[in-house]
Amino acid sequence: MSLFNTTYDVIVVGGGHAGSEAAAASANMGAHTLLITMNLQNIAQMSCNPAMGGIAKGQIVREIDALGGYSGIVTDKTAIQFKMLNKSKGPAMWSPRAQSDRMQFAECWRTLLEQTENLDFYQDSVNGLLFEGNTIVGVKTALGLEIKAKTVIVTAGTFLNGLIHIGEKTFGGGRAGEGASTGITEDLVAKGFEAGRMKTGTPPRVDGRSLDYTKMTEQPGDATPEKFSYLPVTKPLTKQRSCYLTYTNPEVHDLLREGFERSPMFNGRIKSTGPRYCPSIEDKINRFAEKERHQIFVEPEGWNTVEIYVNGFSTSLPEDIQDKAIRAIPGFENVKFFRYGYAIEYDYFPPTQLKHNLETKLIENLFFAGQINGTTGYEEAAAQGLMAGVNAALKTQNKEPFILKRSEAYIGVLIDDLITKGTEEPYRMFTSRAEYRTLLRQDNADLRLTEKAYKLGLASEERMNRVEEKKKKTQNLIDFIKDLSVSKEDINPILERKNLATINQSMKLYKIAARPQLSFSDFKSIDKLKNYIQEHSIDDEIIEQVEIHLKYSGYIEKEKNNADKLNRLENVPIPSTFDYSKVKSLSYEAREKLSKIQPTSISQASRISGVSPSDISVLLVYMGR
Ligand code: FAD
């Protein structure tokens, strides 16, 4: 069927991380979906480092997987190294991270999307949006096509009026080697949207054959790597590629300083704000002048390529300066460049212009997801894409929006933060942004989310069955341990090995196992437990759940109670027609902010900066509480 005479349920503009998850989610929910992207060769291209996950981001990837998204599966299938970060801390902090093969990552995404029913593809650049009044009805493309849709999701990443900077050189582009996108911002601003500018940067890529690894420290992956997807379609890595660690030094810093006058960051040509937690090397040596060295992680870009990503050396200094300075890093003396580092400025739309379902407040049926909302990172983008895809599909099916609470998922925290607080610098997720991080662990994303996704028609029956089995096996093993008495002969050798006080009579294992110095693996030699594990095919995933229960169930219960209390406030809705300007007992700032954000519940109102507890008391009275 021609693109011209079809009205799609959903058009996704942009096939980056947000667009790919959005297209997969809406199509998998039965919505007839069209993915329009500038270059079909670059589906889910990793613009910066070839890695997924990391602290808090890893939890997001597991949540995407639990909901039936593809980012976890693609990462597993293309990983070259896996690490569980923060393993020495409590389980709320454990964060999976994988290096991926950059080229395989994009190819794997494309293959999965091509295997998705209800999904059409078209390569072109969208340069305008079609409206009827305040409703979107389709898009216009550079080739002059007008394509109709009931809903449109814009996921244009860093491409909207993108401007690339390397030293004194500036040119239009959405990413190195790719053109910028024009027309969308202009159409939206004409409709009354507020737009802003942000900036991000990337390091050089170099030829691994020109590096001397003997001057660096090897950073291998985990000895027993895990994986992201809860499904058995992927397997943990059996071989991995190592990264390497080296450092900058005062000589490198001096050489970099020589280029500061020609730096777009310092001579005022870049005015927009960059990611605070991913600063450029020039920013680091400028802000932390007292630091004599900074870490440089030397990361392979894939299995079969010699290209290396120089993590920690993001820069937009002139090429000659990049060239000279990098050679002063141990191991880089004879380096050959593949690509120079650069910075990019792009348009974003302050996300307070969105509702919780990622639909814009101004234009009905128009959704935004990813970097366009002021975020940074593949994981943050992919999560929003999935949620926008689900919600656009739901909208076409006249169903209620799908919204995750802050106590249910990092994805809930991310979207609530964006639409309630907005962001003035590229927003990335941290565990500290989540008030219920003991609940939001990477090990239990499936227990938290898969049932919801199954009900939506997004997660498969296989996923749901696995979650049911995980729950059942975990509870049965907990019950077994609660009942199991262990003799002093069984337990004392274990306690002695750990220099712990021994016991004089039999005790319930449940009590002993809660001790922080002991781990579940210490008890595996106890016959009754060993037999149970064998007979019931208990795997490491179940043992991890039981161990977390034994050690942390007190904290988890407490956090659940707190979340329940807050969720009661969440259930006090504020009508969208409520006129804050008439409530004179609210502070002036609260009236202004509440009118702008239009929170849907008392709880959301309480998270808006400038809205005080006394403002909330006033609102509660107005809502009849
Ligand atoms: P993108 O991945 O940018 O994808 C957008 C897609 O939309 C592209 O495929 C593009 O072709 C397509 N598109 C755009 N406009 C149109 C249009 N009008 N019509 C059709 N198709 C269109 N993240 C970090 O976490 N840390 C970093 O240090 C970091 N550094 C970065 C450095 C650079 C130079 C760049 C470019 C990005 C960097 N990122 C970094 C950001 C990371 O790449 C993004 O957060 C992530 O890719 C955003 O995903 P997205 O889907 O929103 O957009």
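Details of the structure are given in the entry above.
Residues numbered from 1 in each chain as written. Predicted model: local features only at pLDDT ≥ 70, side-chain atom pairs only at ≥ 80, totals over all residues. Heavy atoms only, no water.

A. Local environment of the overall build of the chain. A tally of regular secondary structure across the chain gives 19 helices and 22 strands. The C-alpha atoms of the chain give a radius of gyration of 26 Å, which matches the 25 Å a tight globule of 625 residues would have. Summarising its shape, the C-alpha atoms of the chain cover approximately 80 × 70 × 55 Å along the three principal directions. When each of the 625 residues of the chain is scored for burial, the buried share is 58%. At a minimum sequence separation of 6, the contacts of the chain that also span at least 24 residues come to 73%. Element-wise, carbon and sulfur atoms account for 49% of the exposed surface of the chain, whose accessible area totals about 26,100 Å². Charge centroids of the chain, computed over 79 positive and 79 negative side chains, lie 3 Å from each other. (Helix = DSSP H or I, 4+ residues; strand = E, 2+ residues; numbered from the N terminus. Rg over C-alpha atoms; globule rule 2.2 N^0.38 Å. Buried < 20%, exposed > 50% of the residue type's maximum accessible area, 1.4 Å probe, protein only. Contact = heavy atoms within 4.5 Å. Areas by Shrake-Rupley, 256 points an atom, 1.4 Å probe, with all protein chains shown as cover. Lys, Arg positive; Asp, Glu negative; His and termini not counted. Charge placed at Lys NZ, Arg CZ, Asp CG, Glu CD.)

B. Structural detail: the nonpolar core. In this structure, I11 and I411 are the most contacted members of the largest nonpolar core, which totals 105 residues. At 11 residues, the largest contribution of residues to this core is made by helix 9 (residues 378–396). Excluding residues that lie within four positions of it along the chain, I11 makes contacts with L34, I36, V139, I147, K148, A149, T151, V152 and I153. One finds L477, I481, A513 and F520 within the second-largest nonpolar core, a separate group that totals 25 residues. (Core = buried A, V, L, I, M, F, W, Y, C linked by side-chain atoms within 4.5 Å.)

C. Fine view of the sheet that holds strand 19 (residues 342–348). The four strands are arranged 11-10-19-12 in an open sheet whose pairing can be described as antiparallel. Two strands close off the open sheet at either side, each with one partner strand: strand 11 (169–172) and strand 12 (196–202). Neighbour-to-neighbour, the strand axes of this sheet turn through a mean angle of 25 degrees, independent of strand direction. Bridge count for strand 10 (residues 163–166) against strand 11 is four bridges, and the pairing is antiparallel. By the bridge assignment for strand 11, I166 is matched with K169. (Pairing = 2+ DSSP bridges. Axes fitted to C-alpha atoms, helices over the stretch in contact; angles between N-to-C directions.)

D. How the structure looks around the packing of aromatic side chains. This structure, assessed with the given rule, holds 12 aromatic pairs. Measuring from centroid to centroid gives 4.6 Å for Y213 and Y244, while their planes differ by 50 degrees, and the two rings are tilted. Linking Y213 in the loop between strand 13 (205–207) and strand 14 (217–219) with Y244 in strand 15 (residues 243–247), this pair joins segments that are 31 residues apart in sequence. Between the aromatic rings of F578 and Y622, the centroid separation amounts to 6.0 Å while the plane-to-plane angle is 75 degrees, which identifies the pairing as edge-to-face. Note that F578 is positioned in the loop between helix 16 (540–570) and helix 17 (588–597) and Y622 in helix 19 (residues 613–622), a separation of 44 residues in sequence. (Phe/Tyr/Trp six-rings, centres within 6.5 Å; stacked < 30°, edge-to-face > 60°.)

E. Geometry of the pattern of salt bridges. Within this structure, the stated rule accounts for 45 salt bridges. For D254, the salt bridge is made with R257, and the minimal N-O distance between the two is 3.1 Å. In this pair, D254 and R257 both sit in helix 6 (residues 250–257), three residues apart, roughly one turn of the helix. Exposure remark for D254: the relative accessible area of 44% places this residue in the partly exposed category. Assessed through its relative accessible area of 34%, R257 is described here as partly exposed. Each of R406, D416, D417, K421, E435 and R607 takes part in one network of salt bridges that share partners. (Salt bridge = Lys/Arg side-chain N within 4 Å of Asp/Glu carboxyl O.)

F. Highlighting the pairing of strand 1 (residues 7–13). Among the seven residues in strand 1, six count as buried, and that is most of the element. Where strand 1 lies against strand 9 (residues 146–154), six bridges are found, and the strand directions are parallel. If you follow V12 over to strand 9, its bridge partner there is I153. Here strand 1 pairs with strand 2 (residues 33–37) via four bridges, running parallel. Bridge assignment links V12 to a residue of strand 2, and that residue is L35.

G. Spatial organisation of the state of the cysteines. Taken as a whole and assessed by the stated rule, the structure comprises zero disulfides. Free of any disulfide, C108 has its nearest cysteine sulfur in C243, 20 Å distant. (Disulfide = S-S within 2.5 Å.)

H. Seen up close, the sheet that holds strand 15. If you trace the six strands from one edge of the open sheet to the other, you get 14-15-16-17-13-18, paired in antiparallel fashion. Of all the strands in the sheet, just strand 14 and strand 18 (337–339) have a single pairing partner and so form its edges. When strand polarity is set aside, the average angle formed by the axes of neighbouring strands in this sheet is 35 degrees. Looking at chain direction, strand 13 and strand 18 are connected through two bridges and run antiparallel.

I. Seen up close, the pairing of strand 9. As paired elements, strand 8 (residues 135–141) and strand 9 share three bridges and run antiparallel to each other. Looking across to strand 9, one finds that K140 is bridged to E146. Connecting strand 8 to the next strand, strand 9, in antiparallel fashion are four residues, including G144 with a positive phi near 90 degrees. Two elements, strand 9 and strand 20 (residues 366–368), share three bridges in a ladder whose sense is parallel. If you follow V152 over to strand 20, its bridge partner there is L366.

J. Structural context of the site of the ligand. As a matter of local geometry, the ligand sits amid 34 residues, with A18, V126, S181, Q371 and G377 nearest to it. Measuring from an oxygen atom of the ligand, one finds a side-chain N or O atom of T37 at 3.5 Å. Between an oxygen atom of the ligand and a side-chain N or O atom of Q371, the distance comes to 2.2 Å. In isolation the ligand offers 980 Å² of accessible surface; the protein chains occlude 97% of this area. (Near = heavy atom within 4 Å. Polar contact = N/O pair within 3.5 Å; in protein donor to acceptor, adjacent residues only side chain to side chain.)

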